[in-house]
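Structural overview
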Amino acid sequence: SSFSLIRIIITIIQYQFLFFSLYRFGKYIIPKKSLKKEDCYLGHWKDGKMCGQGTFCYANGEVYEGCFQDNNRHGHGLLRSGKLTSSSPSMFIGQWVMDKKTGYGVFDDITRGEKYMGMWQDDLRQGNGLVVTQFGLYHEGAFSVNKMMGCGVLLSEDDTVYEGEFSDDWTLNGKGVLRMSNGDCIEGVFSGEWGSGIKVNGTYIKPSIYEGEKEETKTLKLGRLSVPADEKWKAVFEECWRQLGCEIPGKGDPQKAWDNIAVAITTKRRQQKGSPEPLTRSHTQTLESLERIPQHDGPFTMEKYEKIKGYLINVNCF
């Protein structure tokens, strides 16, 4: 599925720089007497607080994997709630700011069979986004306080399209245009929930033969009201830049970035040496090869790009 593909891509990017962190690593268990279970955190720490990459298993069954800062979920992360057999299984992958969903994220409501891909603010859908359902409905447009609010486009499985104003989830309210699959069109003021009866005060247009032929040449342009590509997954790339020592994304000292990589490799090797399980020959050879960082002086060429690419792939593999 598209969600699984996104998850794989983001995981590869995110964990490619996972071990660059110089934070302490440890496990923390917090008993929850009321639930007769316990919260458990396994990950990185800084100044006695959860900071960096980690996994938090909550007593209520939720599991969060991703970035932390000052004991809060902060940065890119994945939250699983419930199981397929529970009453409300769901999954969120995206950006967090001080323990709240804020920024771009994807929410999969498995119970309702709906998936939202768009912007969030303080745990609520806020800004542009799109929703797809198991019944073949597609909506893109503006969201406010967790509801479809403002201008949007709704496309049904039979190719009926509504472009206009919304006041709630799947609720038309205001001026709009309804185009049916046979080319018929209604322009006016709409009110009512989609699928439960719509009230219309407007004009019904039946295109002539020639107008119909012109209409067929037109295609519905979706994506205009969704989140632009450069606004998605910012938290992932910001974390990568931070691990490379760049305070501002895209701006930093290349030598400092490579120094961070070298230090991380050395740290990883020490951790491996201290492990009760001996290093395999292949792991030893990989670690030794990673100590020889690719040269990056002078003009950047495709040959240098391929060397750096191969180097980072080996970093991610061991």
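Preceding this section is the structure that the text describes.
All of these numbers come straight from a predicted model, not from anything done at the bench. (Residues numbered from 1 in each chain as written. Predicted model: local features only at pLDDT ≥ 70, side-chain atom pairs only at ≥ 80, totals over all residues. Heavy atoms only, no water.)

**Structural notes on a nonpolar patch on the surface**
We count it as follows: Patches draw on residues past 30% relative accessible area with no salt bridge. Two like charges within 9 Å are joined, as are two nonpolar side chains (Val, Leu, Ile, Met, Phe, Trp, Tyr) within 5 Å. Per-residue and other accessible areas follow the Shrake-Rupley method at a 1.4 Å probe size, with only the shown protein chains counted as cover for residues. Salt bridge, as used here, is a side-chain nitrogen of Lys or Arg placed within 4 Å of a carboxyl oxygen of Asp or Glu. Labels follow the DSSP assignment, with helices taken as runs of H or I lasting at least four residues and strands as runs of E lasting at least two, numbered in each case from the N terminus. A 1.4 Å probe rolled over the protein chains alone gives each residue an accessible area, and that area as a share of the maximum for its type sets the label: buried under 20%, exposed over 50%, partly exposed in between.
Taken together, Phe300, Met302 and Tyr305 make up a surface patch of nonpolar side chains, about 370 Å² in accessible area. With respect to the helices, strands and loops of the structure, Tyr305 is situated in helix 6 (residues 302-317). Taking relative accessible area as the criterion, Tyr305 reaches 36% and is therefore assigned partly exposed.

**Let's talk about helix 3 (residues 234-243)**
Rule in force here: An arc is given here, and it is the one of the directions from the helix axis to the C-beta atoms.
For helix 3, the complete set of buried residues consists of Ala235, Val236, Glu239, Cys240 and Gln243. End-on view of helix 3: buried residues confined to an arc of 140°, all on one side of the axis. After helix 3 finishes, the residue Gly245 shows a positive phi value of roughly 85°.

**Side note on the pattern of salt bridges**
All chains considered together, the criterion is met by 11 salt bridges. The partner of Arg73 in a salt bridge is Asp99, and the shortest N-O contact between them spans 2.9 Å. Note that Arg73 is positioned in strand 5 (residues 72-81) and Asp99 in the loop between strand 6 (90-97) and strand 7 (100-109), a separation of 26 residues in sequence. Judged by its relative accessible area of 29%, Asp99 is partly exposed. Between Asp169 and Arg125 there is a salt bridge, with its nearest N and O atoms 3.0 Å apart.

**Focus on the packing of aromatic side chains**
The criterion, for reference: Two aromatic rings, drawn from Phe, Tyr or Trp (for Trp, its six-membered ring), form a pair once their centres lie within 6.5 Å of each other, and the interplanar angle then sorts them: stacked below 30 degrees, edge-to-face above 60, tilted otherwise.
In this structure the tally under the stated criterion is 15 aromatic pairs. Taken together, a centroid distance of 5.0 Å and an interplanar angle of 75° make the contact between Tyr41 and Phe68 edge-to-face. On the criterion of sequence distance, the pair formed by Tyr41 in strand 2 (residues 37-46) and Phe68 in strand 4 (residues 63-69) is long-range, its members being 27 residues apart. Ring geometry for Tyr64 against Phe68: centres 5.1 Å apart, planes inclined by 85°, an arrangement best described as edge-to-face.

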